[in-house]
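What follows is each chain in one-letter form.
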Amino acid sequence: GSLPHSMFVLLLAPPLSSASAPFALPTAPPASVDASDSMWDSRPFVDGRKTCVGGAVEAWSGPSEEVTSPVFDARTGKRLVIGQLATMGEVDAVRAVEASAAAWDRGQGAWPQMSLAERIERVEGAVAALKERRDEIVNVLMWEIAKNSADAAAEFDRTVAFIGKTIETLRRLDEESAGWRVVSGVMAFVRRAAVGVMMLLGPYNYPFNETYAALIPALLMGNVVLMKIPNVGGLAHVLTFEVWAEALPKGTLSFISGSGRATVPPVMRTGLVDVLGFIGGSKAGDAILKEHPAPHRLKAFLQLDAKNLGVVAPDADLDVAVGQCVVGSTSYNGQRCTAIKLILVHHSIADEFVRRLASAVAALPRGLPWEEGVLITPLPEPKKPAYLA
């Protein structure tokens, strides 16, 4: 649930006199660069005409799609091409989940049979290798999804910090559950175990952080993961193929790229998926769940939709209220599941609140992701600006 949104202000009163006035959404020319721009030479090109399935990174000879940046080429007036992604189909997707099931091997595979200490060591090794690619990944996040430089760097660094804290917590929990305990008068020994094959679909807006928040715990516990990378925001994952293929046993982590509608349903229909990890809309989540032949057996980790409210009471400090509502609703262009989508304002302060809110939003610095102090950047999805207009 992390789609770009329009922010709505609901006034707790009869319609204001200004409500009937015609409104035209402000527009601006596409953000663009040319050869004179200082960042021109840093634009990436990630060749994603390859696959990472069953532990092997192989060249892809099938169809592929260009990946474009929301930053335009000033010379051509078109979005800059910054990479390519393999367009995998039904047969390829089914082959990938079969490789995952083979790696799981009903819990007898190399990864689920490893000790926790060994799995932690492998994941830490992968993290060390990812750190070496930090600058490259951060640059791709800026160019592909227009995350400003500070936020792109923070996404990578927060992810690494999260992995460290997760490992620290897991070690502590493992120590605490190492012996027998009494539960309701019964002697019990608690052992955490893997579930099986996880199908993981992450979002485009936080492709690294949100996806890894599900991926890393699943891997550490011994699960095998099949990740469907997003069509927008997927290049950062392509940069990790070799890292994970080298760090983990064969088939522990495989990737699918291409159309979600062409690849995900066939994977689910095999019945080989034991856990679904999905971040997105509830309609899509429901549709995916229904494809599984045994949904009662399927475990689901879902983060769906989000309609967060901001409530402004009549005695609120308007400067504080406006400031918090602006931050809450426009951080990363509002492309966050936790962003404020609707603001409820008491009628006695509505006119003044709207005036201040409009002024504050209009004053937000907008521009290219790498420009100092920029808070509003281009929307990465090609069709989204027209939809919002």
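See above for the structure.
So, a few notes on the structure that sits alongside this text. Each residue is numbered by its place in its chain's sequence as written, counting from 1. Thresholds applied to this predicted model are a pLDDT of at least 70 for local features of residues and 80 or more for the giving and counting of side-chain atom pairs; totals over whole chains, interfaces and linings are not thresholded and use all residues. To get the side-chain values, all heavy atoms of the structure are used, and hydrogens and water are removed first.

1. Remarks on helix 12 (residues 350-362)
Which entries qualify depends on this criterion: Each helix corresponds to a stretch of at least 4 residues labelled H or I by DSSP, and each strand to a stretch of at least 2 residues labelled E; elements are numbered beginning at the N terminus. By this rule the span expected of a helix is its residue count minus one, scaled by 1.5 Å. Here the term buried applies to any residue with accessible area under 20% of the maximum for its type, exposed to any over 50%, and partly exposed to those in between, with areas from a 1.4 Å probe on protein chains only. What the arc describes is the spread of directions from the helix axis to the C-beta atoms.
The end-to-end C-alpha distance of helix 12 is 18 Å, a good match for the 18 Å that 13 residues give at a rise of 1.5 Å each. Among all positions of helix 12, only Ala350, Phe353 and Leu357 are buried. For helix 12, the arc enclosing every buried residue in end-on projection is 60 degrees, short of the 170-degree limit, so these residues lie on one face. Turned more than 90 degrees away from the buried face of helix 12 sit Asp351 and Ala362, all of them exposed.

2. What about the side chain of Ser100?
The cut-off we apply is this: Here, two residues are considered to be in contact whenever any of their heavy atoms come within 4.5 Å of each other.
Within the secondary structure, Ser100 sits in helix 1 (residues 90-104). Ignoring any residue separated from it by four or fewer positions in sequence, one finds Ser100 in contact with Val197, Val224, Val225, Leu226, Gly251 and Ser254.

3. Let's talk about the nonpolar core
Stated precisely, the cut-off is as follows: Among buried residues, those of type Ala, Val, Leu, Ile, Met, Phe, Trp, Tyr and Cys that are joined through side-chain atoms within 4.5 Å constitute a nonpolar core.
Among the nonpolar cores identified, the biggest contains 61 residues, and Leu215 and Trp244 are the most heavily contacted of them. If we skip the residues at most four places from it in the chain, Trp244 touches Ala126, Leu130, Tyr212, Leu215, Ile216, Leu219, Leu253 and Phe255. Ala96, Val97, Val273 and Phe278 belong to the second largest nonpolar core, which has 18 residues in total.

4. Describing the packing of aromatic side chains
To be explicit about the condition: Here a Phe, Tyr or Trp ring, Trp counted by its six-membered ring, pairs with any other such ring whose centre lies within 6.5 Å, and the pair is stacked when the planes are under 30 degrees apart, edge-to-face when over 60, and tilted otherwise. Whether a charge sits over a ring depends on NZ of Lys or CZ of Arg being within 6 Å of the ring centre and within 35 degrees of the ring normal.
Counted by the stated rule, this structure contains 7 aromatic pairs. Ring plane angle 15 degrees and centroid distance 5.5 Å describe the contact between Phe156 and Phe208, whose orientation is recorded as stacked. In this pair, Phe156 is assigned in helix 5 (residues 149-176) and Phe208 in the loop between strand 10 (197-201) and helix 6 (209-220), connecting sequence segments 52 residues apart. Phe208 shares its class with Phe156; the two are buried. Taken together, a centroid distance of 5.6 Å and an interplanar angle of 55 degrees make the contact between Trp180 and Phe189 tilted. Accessibility expressed as a relative area gives 60% for Trp180, which makes it exposed. Grouping aromatic residues by their ring pairs yields a cluster made of Phe156, Phe208, Tyr212 and Trp244. A cation over an aromatic ring shows up here: Lys147 above the ring of Tyr332, its NZ or CZ 4.6 Å from the ring centre.

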